[in-house]
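# Residue-level structural notes
Okay, here's what each chain looks like letter by letter:
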Amino acid sequence: MALLSMHKVSMGFGGPLLLEQVNLQIEGGERVCLLGRNGVGKSTLLKLINGDMSPDEGVIIRQQGLRIAFLPQEVPQGLRGTVFDVVVGGLGKHSRPVAEYHQMCGCSASEGENALSGSRDLIQETMDIMDIDEGSRQALQQVKKVISYMKLDPEAVFGNLSAGLKRRVLLARGLVIDPDILLLDEPTNHLDIKAIGWLEKFLPGYGGTLLFVTHDRMFMRKMATRIIELDRGKLSNWSCNYDNFLKRKQAALETEAAQRALFDKKLAQEEDWVRQGIKARRTRNEGRVQALVKMREERRTRRELTGMARMPGQEAERSGKLVIKAKGVSYRYDDRLIIRDFSTTIIRGDKVGIIGPNGSGKTTLLRVLLGELLPEKGGVHLGTNLKVAYFDQLRAQLDEEKSVMDNIAEGSDMISINGKQKHVIGYLQDFLFSPERARTPVSILSGGERNCLLLAKLFVKPSNVLVMDEPTNDLDVETLELLEGLLVDYPGTLLLVSHDRAFINNVVTSTLALEGEGRVGEYIGGYDDWLRQRKPDTPSKIKKTVTKTPKSDAQQQRPRKLSFKEKRELEALPQHIEALEAEQRQFYQTMAEPAFYKQDSGEIVRAQDRLKALEHELGVAYQRWENLEDL
């Protein structure tokens, strides 16, 4: 018998139904992934299963005594106290002993937390001191077991924990009732790579059934034994892994498109027939007319496939070849060393991923590389003509009180995209905001909509350097893949902080990894390449983008100082490089004009030769700069 069954369930909040005559069965031991675009009703389906909502139509049948735990996407507001207090709150009716313990101390709940924190095994002490019934004793033993199994400190104050540890505490809060079904809504959101790896190892060992929503494709591939997809109010079942789902889904969409094209063609033929003259009316088949009426109704109620977002990026003038050069950089925050003796060279077109545990200093590293924070040691040199666009993971660039369109156009109706004027409503429709949604305040948007809005705001600004700090949170898989394609094709330079391993693999050309004790390792490739190349507990070997000229044995034995002439040359090189790049940009602009190719062929050849010479001169100048700085 299924643990839970849904039969012809419908649910809506005005407008098209989120769930329309949905059927679903969940069996014991399954790990089911629920997929769907942002806003289609995935969270609503989880709430119906959890019993937080009742359907408008249909029935939900739960096995007698079924226990369900729900880990929501966001950390609930108002959770206070120690880890023990939060976890034991998941027991529901068995949470009474904690309140009694506070009362026995003769103090408030907050004072009780301090009393609890003085105990090395507070759960056992609670059970020994208090005269509680056997059911409550068993419940508290379960709390002790789960907290120990999940390696949590019961005395830690919940509000002081990192986002990753808070998610782990909430998972423990759900597991204390030993649920038959565990519902997880975006469980990897705001977790770092280490925490996601822990979750991937933990969940298969959990004996119950999983139903989870995620945009993390690597997590999905490792965890899902079955996939269900919510699309246009209907729920479809795919008894396969994620990669096979993609193939079968594509085939199903092609079949659907062919069937709809055939239907539309037949409908057009019938409409043409019914509009014929008197002769056709005399021989009209009333059954055929009734069939046409039904076809019209079917076409009217058809729910079209949700459109794909379009992200029209704007490119500024090309930056200089050198974008960022860091040499011997160290940075300390309070007493903690974030970056130690780090050097790198980032050139135009590089796509650099930055990974590391939560709190390790990824955003700090970004700000140091961009010149926003001054290192305590070493230096950072920024290249010429940099136009930086910044995606903020905290979404601080959005004004909550303004409408969606005012956040983009700041009161205007038109914006400029690649030199052409476009109405802001039309631009926002590229990011799947309807005209009505474009006029709503940002404060009511979902997490996924906010991320899409921030992307829309980001791409209004012409740039040649994109800085993206956790851009993938809350985005559905289709939008994620679209963003991947845009970033791969982006002609400028990309600095990307992300915990999405598949996203990093698909986009970046090199990876900076914060590996503890101030070490920043640099690796060719993405996340999987980092796993293969890294050497745990040893300083990482830096791979330079620009190849250095080997030094002689004498040079390696003793450093020498720059001569006066070399110092003057080093000081003049940046200005010389800027002049070469300015001349190079001028040639690019001239050669982009149609009139350029109408002139004498000799002039065209001379211009092309000079452009090649400039490329060579720039390469020599950069190499010389590198060599002089290393002396």
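Note that the coordinates shown come from a computational prediction; the quantities given were computed from them, not determined experimentally. (Residues numbered from 1 in each chain as written. Predicted model: local features only at pLDDT ≥ 70, side-chain atom pairs only at ≥ 80, totals over all residues. Heavy atoms only, no water.)

### Focus on the side chain of Ser-319
- As for its placement among the helices and strands, Ser-319 is situated in the loop between helix 12 (286-301) and strand 10 (322-333).
- With relative accessibility at 4%, the residue Ser-319 sits in the buried group. (Helix = DSSP H or I, 4+ residues; strand = E, 2+ residues; numbered from the N terminus. Buried < 20%, exposed > 50% of the residue type's maximum accessible area, 1.4 Å probe, protein only.)

### Digging into the layout of surface pockets
- There is about 810 Å³ of room inside the second largest pocket.
- Surrounding the second largest pocket, 30 residues form its lining, Ile-193, Lys-194, Pro-357, Trp-530 and Arg-534 being those nearest its centre.
- Taken together, the elements giving at least two residues each to the lining of the second largest pocket come down to helix 7 (163-175), helix 8 (193-205), strand 19 (510-514) and helix 20 (527-533).
- If you tally residues by element for the lining of the second largest pocket, the top one is helix 8, at seven residues.
- Residue classes in the lining of the second largest pocket are distributed as twelve nonpolar, six polar and twelve charged. (1 Å grid on protein atoms, 1.4 Å probe; cavity = no way out; pocket = protein on both sides within 12 Å on 5 of 7 lines; lining within 4 Å. Points joined across faces, edges and corners; volume = space filled by probe spheres on them. Nonpolar A, V, L, I, M, F, W, Y, C, P; charged D, E, K, R; others polar.)

### Regarding the confidence of the model for the chain
- Mean pLDDT over the chain works out to 80, with 83% of the residues at or above the 70 mark.
- Within the model, the stretch residues 93-98 combines pLDDT values under 50 with 13 contacts to residues more than four positions away or in other chains. (pLDDT = per-residue confidence, 0-100. Contact = heavy atoms within 4.5 Å.)

### Side note on empty space enclosed by the protein
- A complete count under the given rule lists four cavities of 30 Å³ or more for this structure.
- Approximately 70 Å³ is the volume found for the largest cavity.
- Lining the largest cavity, in full, are Leu-71, Gly-164, Arg-167, Arg-168, Leu-171, Pro-187, Leu-191, Ala-195, Trp-198 and Leu-199.
- Of all the secondary structure elements, the ones that give two or more residues to the lining of the largest cavity are helix 7 and helix 8.
- A total of four residues in the lining of the largest cavity trace back to one element, the largest contributor, which is helix 7.

### Topic: the environment of Val-22
- Tracing the backbone shows Val-22 in strand 2 (residues 19-26).
- Taking relative accessible area as the criterion, Val-22 reaches 1% and is therefore assigned buried.
- Residues Val-22 and Gly-233, 211 residues apart in the sequence, show an inter-C-alpha distance of 7.8 Å.
- Excluding residues within four positions of it along the chain, Val-22 makes contact with Met-6, His-7, Lys-8, Val-9, Gly-233 and Leu-235.

### Some points on the pattern of salt bridges
- Counted according to the given criterion, the structure contains 23 salt bridges.
- The salt bridge involving Lys-222 is made with Glu-200; its shortest N-O contact spans 3.2 Å. Placement of Lys-222 in helix 9 (residues 217-223) and of Glu-200 in helix 8 is noted, with a sequence separation of 22 residues between them.
- The exposure class assigned to Glu-200 is buried, which follows from its relative accessible area of 10%.
- A salt bridge links Arg-532 to Asp-529, with the nearest nitrogen and oxygen atoms 2.4 Å apart. (Salt bridge = Lys/Arg side-chain N within 4 Å of Asp/Glu carboxyl O.)

### Observations concerning the sheet that holds strand 11 (residues 336-347)
- The antiparallel open sheet is built from three strands, whose spatial order is 11-10-13. Since the sheet does not close on itself, it has two edges, and those belong to strand 11 and strand 13 (377-382), each with one partner. Strand-to-strand, the axes of this sheet are offset by a mean angle of 15°, without reference to chain direction.
- Direction of pairing for strand 10 relative to strand 13: antiparallel, over a ladder of five bridges. Paired with Ile-324 across the two strands is Leu-382, which belongs to strand 13.
- Against the sheet, helix 13 (residues 362-369) engages strand 10, strand 11 and strand 13, with an angle of about 50° to strand 11. (Pairing = 2+ DSSP bridges. Axes fitted to C-alpha atoms, helices over the stretch in contact; angles between N-to-C directions.)

### Here's the deal with the sheet that holds strand 4 (residues 57-62)
- If you walk across this open sheet you meet the three strands as 2-1-4, and the pairing is antiparallel. Whereas interior strands pair on both sides, the edge strands pair on one side only; in this sheet they are strand 2 and strand 4. Taking the axes of each pair of neighbouring strands and ignoring which way they run, one obtains an average angle of 15° across the sheet.
- Both strand 1 (residues 4-11) and strand 2 contribute to a ladder of five bridges, which runs antiparallel. The partner of Ser-5 across the bridge, within strand 2, is Gln-25.
- Across the sheet, helix 1 (residues 42-50) touches strand 1, strand 2 and strand 4, and the angle it forms with strand 1 is around 130°.

### Focus: the packing of aromatic side chains
- Taken as a whole, this structure holds six aromatic pairs when the rule is applied.
- Each ring, one from Trp-198 and one from Phe-202, has its centre 5.0 Å from the other, and the planes form 10°; the classification is stacked. A residue pair is termed a helical-turn pair when its members lie 3 or 4 positions apart in one helix, as Trp-198 and Phe-202 do in helix 8 at four residues.
- Its relative accessible area of 8% is what places Phe-202 among the buried residues.
- Where Phe-212 meets Phe-219, the ring centres are 5.6 Å apart and the plane angle is 85°; that geometry is what we call edge-to-face. In terms of burial, Phe-212 and Phe-219 fall into one category: buried. (Phe/Tyr/Trp six-rings, centres within 6.5 Å; stacked < 30°, edge-to-face > 60°.)

### Brief notes about helix 8
- Over its 13 residues, helix 8 extends 19 Å from the first C-alpha to the last, a length consistent with the 18 Å expected when each residue adds 1.5 Å.
- Those residues of helix 8 not exposed but buried are Ile-193, Ala-195, Ile-196, Leu-199, Glu-200, Phe-202 and Leu-203. (Expected span 1.5 Å × (residues − 1).)

### Considerations on the environment of Glu-436
- Secondary-structure assignment places Glu-436 in helix 16 (residues 435-438).
- Take Glu-436: its relative accessible area is 57%, and that puts it in the exposed class.
- Spatially, the C-alpha atoms of Glu-436 and Val-404 are 10.0 Å apart, while their sequence positions differ by 32 residues.

### Here we look at the pairing of strand 11
- Two elements, strand 10 and strand 11, share eight bridges in a ladder whose sense is antiparallel. Within strand 11, the residue paired with Ala-326 across the bridge is Thr-344.

### Focus: unusual backbone geometry
- Phi is positive for Lys-8, which is not a glycine, with a value near 50°.
- As for its position among the elements, Lys-8 is in strand 1.
- For Lys-8, a relative accessible area of 44% corresponds to the partly exposed category.
- The phi angle at Asp-334 is positive, at roughly 55°, despite the residue not being glycine.
- Tracing the backbone through its elements, the reader meets Asp-334 in the loop between strand 10 and strand 11.

### Description of the environment of Tyr-427
- Along the chain, Tyr-427 falls in helix 15 (residues 424-429).
- For Tyr-427, a relative accessible area of 0% corresponds to the buried category.
- Taking the C-alpha atoms as reference points, Tyr-427 and Met-405, separated by 22 residues in sequence, lie 9.4 Å from one another.

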